[in-house]
Amino acid sequence: MTVSAPNVDFALLYADHFATMKRRADEALTRGGFDHLVVPSGTLHYQVFDDRDYAYAVNPQFKAWLPLTRVPYSWLVYTPGQRPKVIFYQPFDYWHVVPDAPSGWWVEHFDIHIIRKPDEALALLPKPVNRCAILGEPQSALGDYTPNSPDAVVNYLEYQRSYKTAYEIALMREAQHLAVRGHRAAEAAFREGKSEFAIHMAYCNAVGQDPSELPYNNIIGLNEHGAVLHYHDRCHTAPTPVRSFLIDAGASFHGYASDITRTYAMDTSGEFQALVNAVDAAQITMGEGVRAGVDYKQLHIDAHLSLMGILKDHGVIKVSPETALATGVSAAFFPHGLGHPIGLQVHDVAGFAESDHGGKIPRPQGHPYLRMTRVLEPGMVVTIEPGVYFIDMLLNEVKQNGHADSIDWARVDALRPYGGIRIEDEVLCTNGDAVNLTRPAFAEAV
Ligand code: GLY
Ligand code: MN
Ligand code: MN
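Just so you know, these numbers come straight off a predicted model, no measurement behind them. (Residues numbered from 1 in each chain as written. Chains lettered and ligands numbered in written order. Predicted model: local features only at pLDDT ≥ 70, side-chain atom pairs only at ≥ 80, totals over all residues. Heavy atoms only, no water.)

S.K.: Summarise the overall build of the protein; cite the residues concerned and give the values.
M.R.: The helix and strand inventory of the protein stands at twelve helices and 17 strands. The globule rule puts the C-alpha radius of gyration for 446 residues at 22 Å, and the 23 Å found for the protein is close to it. Here the C-alpha coordinates of the protein stretch approximately 70 × 50 × 45 Å along the principal axes. Looking at the protein residue by residue over its 446 residues, the buried ones come to 52%. Within the protein, contacts between residues separated by at least 24 positions form 71% of all contacts whose residues are at least 6 apart in sequence. (Helix = DSSP H or I, 4+ residues; strand = E, 2+ residues; numbered from the N terminus. Rg over C-alpha atoms; globule rule 2.2 N^0.38 Å. Buried < 20%, exposed > 50% of the residue type's maximum accessible area, 1.4 Å probe, protein only. Contact = heavy atoms within 4.5 Å.)

S.K.: Lay out the site of ligand 1 with the relevant residues and their values.
M.R.: Close to ligand 1 lie Y216, D248, D259, H340, H347, E385 and E424. Between ligand 1 and the protein, one listed contact pairs an oxygen atom with a side-chain N or O atom of E385 at 3.0 Å. Its free accessible area being 190 Å², ligand 1 has 90% of it covered by the protein chains. Class assignment for the residues of the shell around ligand 1 results in one nonpolar, two polar and four charged. (Near = heavy atom within 4 Å. Polar contact = N/O pair within 3.5 Å; in protein donor to acceptor, adjacent residues only side chain to side chain. Areas by Shrake-Rupley, 256 points an atom, 1.4 Å probe, with all protein chains shown as cover. Nonpolar A, V, L, I, M, F, W, Y, C, P; charged D, E, K, R; others polar.)

S.K.: Before we move on, can you summarise the coordination of the manganese ion (ligand 3) with the specific residues and values?
M.R.: Those protein atoms acting as donors to the manganese ion (ligand 3) are D248 (OD), D248 (OD), D259 (OD) and E424 (OE), and they sit at 2.0 to 2.3 Å. Metal-centred angles of 57 to 170° between the six donor atoms at the manganese ion (ligand 3) mark the site as irregular. One chain supplies every donor for the manganese ion (ligand 3), spaced along it as D-x10-D-x164-E. A separation of 3.3 Å is found between the manganese ion (ligand 3) and the manganese ion (ligand 2), both of which receive a donor from D259. Here the residue D248 occupies a position in strand β7 (residues 244-249), and E424 occupies one in the loop between β15 (420-422) and β16 (425-428), the gap between them amounting to 176 residues. In terms of burial, D248 and E424 fall into one category: buried. (Donors = N, O, S within 2.8 Å, 3.2 Å for Na, K, Ca; no water. Tetrahedral: all angles 85-135°; square planar, octahedral: opposite > 155°, others 65-115°.)

S.K.: Would you mind going over the environment of A249 in detail, with residue names and values included?
M.R.: With respect to the element layout, A249 can be found in strand β7. A249 sits 69 residues away from V180 along the chain, and the two C-alpha atoms are 9.2 Å apart. With near-sequence residues (within four places) excluded, A249 lies in contact with A179, H183, Y203, Y216, N218, D259 and I260.

S.K.: Give a description of the coordination of the manganese ion (ligand 2) that names residues and reports values.
M.R.: Listed as protein donors to the manganese ion (ligand 2) are D259 (OD), H340 (NE2), E385 (OE) and E424 (OE); their distances from the metal cover 2.0 to 2.2 Å. Geometry at the manganese ion (ligand 2) is irregular, judged from the six donor atoms that bind it and their angles of 50 to 158° at the metal. Counting the intervening residues between successive donors of the manganese ion (ligand 2) yields the motif D-x80-H-x44-E-x38-E. The exposure class of E424 is buried, given its relative accessible area of 0%.

S.K.: Please set out the pattern of salt bridges residue by residue, giving values where relevant.
M.R.: Counting across every chain of the model gives 19 salt bridges. Note that R70 is salt-bridged to E213, the shortest N-O span being 2.6 Å. Separated by 143 residues along the polypeptide, R70 in the loop between α2 (60-63) and β2 (75-78) and E213 in the loop between α5 (196-207) and β6 (219-222) bring together distant segments of the chain. Of the charged contacts, one joins D248 and R422 as a salt bridge, the two residues approaching to 3.0 Å between their closest N and O atoms. With a gap of 174 residues between them, D248 in strand β7 and R422 in strand β15 connect regions that are remote in the sequence. For D248, a relative accessible area of 5% gives the class buried. Note on R422: relative accessible area 3%, which makes it buried. (Salt bridge = Lys/Arg side-chain N within 4 Å of Asp/Glu carboxyl O.)

S.K.: How would you summarise the environment of M380 if you had to cite specific residues and measurements?
M.R.: Structurally, M380 can be placed in the loop between β12 (358-360) and β13 (381-384). You can call M380 buried: its relative accessible area is 3%. Between the C-alpha atom of M380 and that of F333, which follows or precedes it by 47 residues, the distance is 28 Å. Here M380 is in contact with S162, Y163, M372, R374, V375, V427, L428 and C429, once residues within four sequence places are set aside.

S.K.: Could you give me a rundown of the environment of W106, with the residues and numbers involved?
M.R.: Assignment of secondary structure puts W106 in the loop between β3 (85-89) and β4 (111-115). Between the alpha carbons of W106 and N217 there is a distance of 29 Å; along the sequence they are 111 residues apart. Setting aside chain neighbours within four positions, we find W106 in contact with Y14, L66, P67, L68, V86, F88 and I112. At 3.1 Å, the side chain of W106 forms a polar contact with the backbone oxygen of S103.

S.K.: Before we move on, could you go through the pairing of β3 and cite the residues and values that matter?
M.R.: With four of five residues buried, β3 is to be regarded as a mostly interior element. In this sheet, β3 lies alongside β2 in antiparallel orientation, the contact comprising three bridges. Looking at the pairing, L76 lines up with V86 of β3. Where β2 folds back onto β3 in an antiparallel hairpin, the turn is made up of six residues, including G81, whose phi is positive at roughly 85°. Bridging between β3 and β4 involves five bridges; their strand directions are parallel. What sits directly across from F88, in β4, is I114. (Pairing = 2+ DSSP bridges.)

S.K.: Outline the side chain of Q61, listing residues and values.
M.R.: Here Q61 is to be found in helix α2. Since its relative accessible area comes to 10%, Q61 is described here as buried. When near neighbours in sequence (up to four residues on either side) are disregarded, Q61 contacts V39, L135, V154, L157, E158 and R161.

S.K.: Please provide a residue-by-residue account of the side chain of H314, values included.
M.R.: By the secondary structure assignment, H314 is in the loop between α7 (296-313) and α8 (321-327). Accessibility expressed as a relative area gives 17% for H314, which makes it buried. Here the side chain of H314 touches E271 through a polar contact of 3.4 Å, side chain to side chain. When near neighbours in sequence (up to four residues on either side) are disregarded, H314 contacts E271, A274, L275, A278 and R411.

Encoded structure:
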């Protein structure tokens, strides 16, 4: 995979990241009262009554330590004060491609033990088993080593994962560049009048990743399909006419995700383009709000007001943004959260965490889909993804709730065939200004 940042010294950054991981593990083990951290990479899962396996998904607690996303039946073992160990599964197998021998910037930091059969790990795991915090899914159990995933350990490690290391930020920037290649190819395919399926294929081809490698299922919607929030169908024929295109698609880089959405109008001088431009400009401003000390819940509420201001300007709603928010009209047009933490997982952990001991910060009432309720701190990376959609099911509820007069229904009728608009970037919180990780990747890809 090409690294488009030749000046980044990943080995140096990894050394720092590795030191951070050890410090975090030391504290997590102290809190949990354990001597060893044991993390299985995970196993293959099979379809019922079949020998067909599902796409393998590595344990995020494993890839937090190691840029290894394709080595099932492997283990990470860390004991404070000792050199960490990787039990690396490299079977003798002529049916499948066997993982390459360990290589890369991480190997010098570990004792590496190659195993040829999953059971061989047993002899290499630390003893006694009851002194081990084993973080993983139940299917990873091996002998007595059944994952116990102690709350005190997991809560601490997940909370700390909110604060990305410089190494992680560098990898996440690469995931942006990869995804942007796909977004450029997808827009070109849209403008050529291609089907959703063909656009999806153009995206995967440009990124160089198939759906099992991408961090989530591509959302590729033409016209009204842009209003289906998780639209995963892919029509093989393009509609007539093609009016609009919403694409929500990311890429993976050494286990780190990007999550990017863009919306396009075929007629770049029409009203829908004007609405896209307005949401795009508002989204940039929202991203600038990602600053230390700012409550993400407030950014979400402010986004409602900003989007309703746009709909008011475009004559879609007839009431003030504040009234639209208070009456639920706003939630009918913007029915999801402003965004979420992102990193090793596209919806990364600890978005609701009250502290590194656990606890949950609730969502504001009336906003059931918000995935981030914390106050922003330096090192956090969040998505900023405002959207406005024309969804009959939700607009009918507005009518039933007695607020039909708040909306100009003729304007809704005119815009419904375009589906909806969402614009999504990743933004890094720092000690100073917000750092948008996505926009520079688009600027460099022109
Ligand atoms: N692509 C999923 C999301 O934006 O959250
Ligand atoms: Mn997202
Ligand atoms: Mn997305």
